[in-house]
2 protein chains.
Amino acid sequence: MVTGKKKTEMREDFSGKVSDETLRKLVGYNMKRAFNEVQADLVQVLQQFDLRMMTYSALILIVDNPGLRQSHLAEALAVERPNLVIIIDELERRGLIARERLISDRRAYALVATLPGRQLYENALRAVKAHETKIFGDLDDPETLKLIETLRQVERRARAR
Amino acid sequence: MVTGKKKTEMREDFSGKVSDETLRKLVGYNMKRAFNEVQADLVQVLQQFDLRMMTYSALILIVDNPGLRQSHLAEALAVERPNLVIIIDELERRGLIARERLISDRRAYALVATLPGRQLYENALRAVKAHETKIFGDLDDPETLKLIETLRQVERRARAR
DNA sequence: TATTGTTATACTCTATAACTATA
DNA sequence: TATAGTTATAGAGTATAACAATA
């Protein structure tokens, strides 16, 4: 061996200098690592409101779209219907939303937010925006808007696989 | 009501036009949705090689860093040690890598890729790069490099929470 | 027959505590 | 006493099949 080092000695020289160049050249890997960190911070923010990411996303869509059905909510959030049931159960049990039977189609529910639900929406949104500003910078900056645009384009292109 | 529509009628008008403006203004939500789609495509690509995302990431680092220890690999991949064990088990069982005891510290293993492991690395990497080019465009383009740089910056800022 | 919401279930990913063997 | 790897386990998140009520 040219370096003069023995094989077994070489194999111990990895204290903190592992090469991850190959992985770091892949966009997907960097997306995963970045999102994991963002998510870890967001989870802590939402914990203060006793919300998880999916329960909060659902609450937002229900407040913004009063009366929508579970099936439409599931589609909008890209969640399977069975998984949405427990999310809605939790929001309803906490009195943040209500299931109202439709007269025109008695199979379906119209989902509506309660006053406490709308208040929690506002308070949590303020905290989430602060969290996002901390990580991404001003949310109205051209650079942030460009990032969102890029991500949406990536989503579309990956969806059209 | 000004529109003249009854409440219950309004609550059915949600066929495909759910407003998700609030969520779509949040960078994190767009990251999640984009990554979910990218991941779904990547999973299919790796399935052809009987690899999952974590087994493939681990294989890459072992090939690129012959002799590294499991603890260093776990740290580099941001995976808890117990979860890495089953990943390494699988790679070893398939003859893609080997655990070699260190003489200097008989608690630790040096992880090394086998020839089949290095060959699978090459073949899978070719497929993964094709998948990434399909979704992100040319991987050497300034725009792609900029996206990676942005993601890494986001990762650092979120980590420094 | 088809659809809405539901139940049951299973599989993956991830996180923690405690053990063993070595240091 | 501390560290490397391991075991067991539990919690999320997600996916599918099958059912009851209704269309």
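Scoring rules and cut-offs
- Residue positions are given per chain, counted from 1 along the sequence in the order it is written.
- Chains carry letters and ligands carry numbers; both start at the beginning, A for chains and 1 for ligands, and go up in the order they are written.
- Predicted model: local features are reported for residues with pLDDT of at least 70 only, side-chain atom pairs are reported and counted for 80 or more only, and whole-chain, interface and lining totals are derived from all residues.
- Hydrogen atoms and water are omitted, and side-chain values are computed over all heavy atoms in the structure.
- Helix numbering and strand numbering both begin at the N terminus, where a helix is a DSSP run of H or I of at least 4 residues and a strand a DSSP run of E of at least 2.
- Only C-alpha atoms enter the radius of gyration; for comparison, a globular chain is expected to reach 2.2 Å times N to the power 0.38, where N is the number of residues.
- Only residues with pLDDT of at least 70 in both copies contribute their C-alpha atoms to the least-squares superposition of the copies.
- In what follows, residue pairs with any heavy atoms lying within 4.5 Å of each other are defined as contacts.
- Note on terms: buried area is the combined drop in 1.4 Å-probe accessible area of two parts once they are placed together, counting the loss on both.
- Any carboxyl oxygen of Asp or Glu within 4 Å of a side-chain nitrogen of Lys or Arg constitutes a salt bridge here.
- Throughout this description, a polar contact denotes any pair of N or O atoms lying within 3.5 Å of each other; where both atoms belong to protein, one of them has to be capable of donating a hydrogen while the other can accept it, and for residues adjacent in sequence the pair is counted only when both atoms sit in side chains.
- Only Asp, Glu, Lys and Arg are considered charged, only Ala, Val, Leu, Ile, Met, Phe, Trp, Tyr, Cys and Pro nonpolar, and every remaining residue, Gly among them, polar.
- Only protein chains enter the area calculation, which uses a 1.4 Å probe; residues under 20% of their type maximum are buried, those over 50% are exposed, and those in between are partly exposed.
- Under the convention used here, Asp and Glu are negative, Lys and Arg are positive, and both His and the chain ends fall outside the count.
- What pLDDT conveys is the predictor's confidence in a given residue, as a value from 0 to 100.
- A pair of strands is labelled paired if DSSP reports no fewer than 2 bridges between them.
- Proximity criterion: a residue is near a molecule or strand once any of its heavy atoms comes within 4 Å of it.

**Student:** Sorry if this is basic, but what is going on with the overall build of chain A here?
**Tutor:** Looking only at helices and strands, one finds 8 helices and 2 strands in chain A. Listing every helix and strand of chain A by position from the N terminus yields α-α-α-α-α-α-β-β-α-α. The C-alpha atoms of chain A give a radius of gyration of 22 Å, which is well past the 15 Å a tight globule of 161 residues would have. Along the longest, intermediate and shortest principal axes, the C-alpha atoms of chain A span 85 × 35 × 30 Å.

**Student:** Hey, could you run me through the relation of the copies chain A and chain B in this one?
**Tutor:** Relating one copy of the chain to the other requires a rotation about an axis plus a shift along that axis. With an axial shift of 0.0 Å and an RMSD of 0.0 Å, the rotation relating chain A to chain B amounts to 180°. This pairing of chains is accounted for by a two-fold axis. Both copies share a contact surface, since 100% of the interface residues of chain A are interface residues in chain B too.

**Student:** Is there a simple way to explain the interface of chain A and chain B in this structure?
**Tutor:** Size of an interface: often given as the accessible area lost when the parts come together. Facing 72 residues of chain A, the contacting portion of chain B comprises 72 residues. Taken over both partners, the interface formed by chain A and chain B buries close to 6,900 Å², and the fraction arising from carbon and sulfur atoms is 63%. Our count for the chain A to chain B interface comes out at 6 salt bridges. Of the charged contacts, one joins E143 of chain A and K146 of chain B as a salt bridge, the two residues approaching to 3.0 Å between their closest N and O atoms. Linking chain A to chain B there are 20 residue pairs in polar contact (both at pLDDT 80 or more). When contributions to the side of chain A that touches chain B are tallied by element, the ones reaching two or more residues are helix 2 (21-24), helix 3 (27-47), helix 4 (53-64), helix 5 (70-77), strand 2 (109-113), helix 7 (115-136) and helix 8 (142-159) of chain A. Counting residues per element, the side of chain A that touches chain B draws most heavily on helix 3 of chain A, which supplies 14 residues. Of the residues assigned to the side of chain A that touches chain B, the class counts are 34 nonpolar, 16 polar and 22 charged.

**Student:** Looking at this structure, how should I read the side chain of E132 of chain A?
**Tutor:** With respect to the element layout, E132 of chain A can be found in helix 7. Among buried charged residues, E132 of chain A stands out as having no salt bridge; its nearest opposite-charge side chain is K129 of chain A, 8.9 Å away. Excluding its chain neighbours within four sequence positions, the residues that come into contact with E132 of chain A are G137 and L139 of chain A together with K25, L26, V27 and G28 of chain B.

**Student:** Can you walk me through the confidence of the model for chain A in this structure?
**Tutor:** Detailed reading of the predicted coordinates is not advisable wherever pLDDT falls low. With 90% of its residues at a pLDDT of at least 70, chain A reaches an overall mean of 91. Scored below 50 in pLDDT, residues 1-13 of chain A shows 13 contacts in the model against residues more than four places distant or in partner chains.

**Student:** Would you mind showing me how to read the pairing of strand 2 (residues 109-113) of chain B here?
**Tutor:** Residue and element names in this part refer to chain B. Of all the 5 residues making up strand 2, 4 are buried; the element is thus mostly covered by neighbouring parts of the structure. Here strand 1 (residues 97-101) runs beside strand 2; their pairing, made up of 5 bridges, is antiparallel. Each bridged residue has a counterpart across the sheet, and for R101 the counterpart in strand 2 is Y109.

**Student:** Explain the protein's contact with DNA strand C here, please?
**Tutor:** Around DNA strand C sit 19 residues in total, of which Q70, S71 and R107 of chain A together with R52 and N83 of chain B are the nearest. A breakdown of the atoms of DNA strand C within 4 Å of the protein gives sugar and phosphate a share of 57%. One nitrogen or oxygen atom from the side chain of N83 of chain B is found 2.8 Å from a base nitrogen belonging to DNA strand C. Backbone polar atom of R106 of chain B to a phosphate oxygen of DNA strand C: 3.0 Å apart, as the coordinates give it. Of all the elements in the fold, those that place two or more residues in the surface near DNA strand C are helix 5 and helix 6 (81-93) of chain A together with helix 6 (81-93) of chain B. Broken down by element, the surface near DNA strand C gets its largest block of residues, 3 residues, from helix 6 of chain A. Classifying every residue of the surface near DNA strand C gives 6 nonpolar, 3 polar and 10 charged.

**Student:** Any chance you could explain the pattern of salt bridges here in plain terms?
**Tutor:** Pairs can form between side chains of opposite charge whenever their charged atoms are close. Residue and element names in this part refer to chain B. Throughout the structure, instances matching the rule amount to 22 salt bridges over all chains. Note that R52 is salt-bridged to E90, the shortest N-O span being 2.8 Å. Taken together, the residues R52 in the loop between helix 3 (27-47) and helix 4 (53-64) and E90 in helix 6 connect sequence positions 38 residues apart. A salt bridge links D105 to R107, with the shortest nitrogen-to-oxygen separation between them at 2.9 Å.

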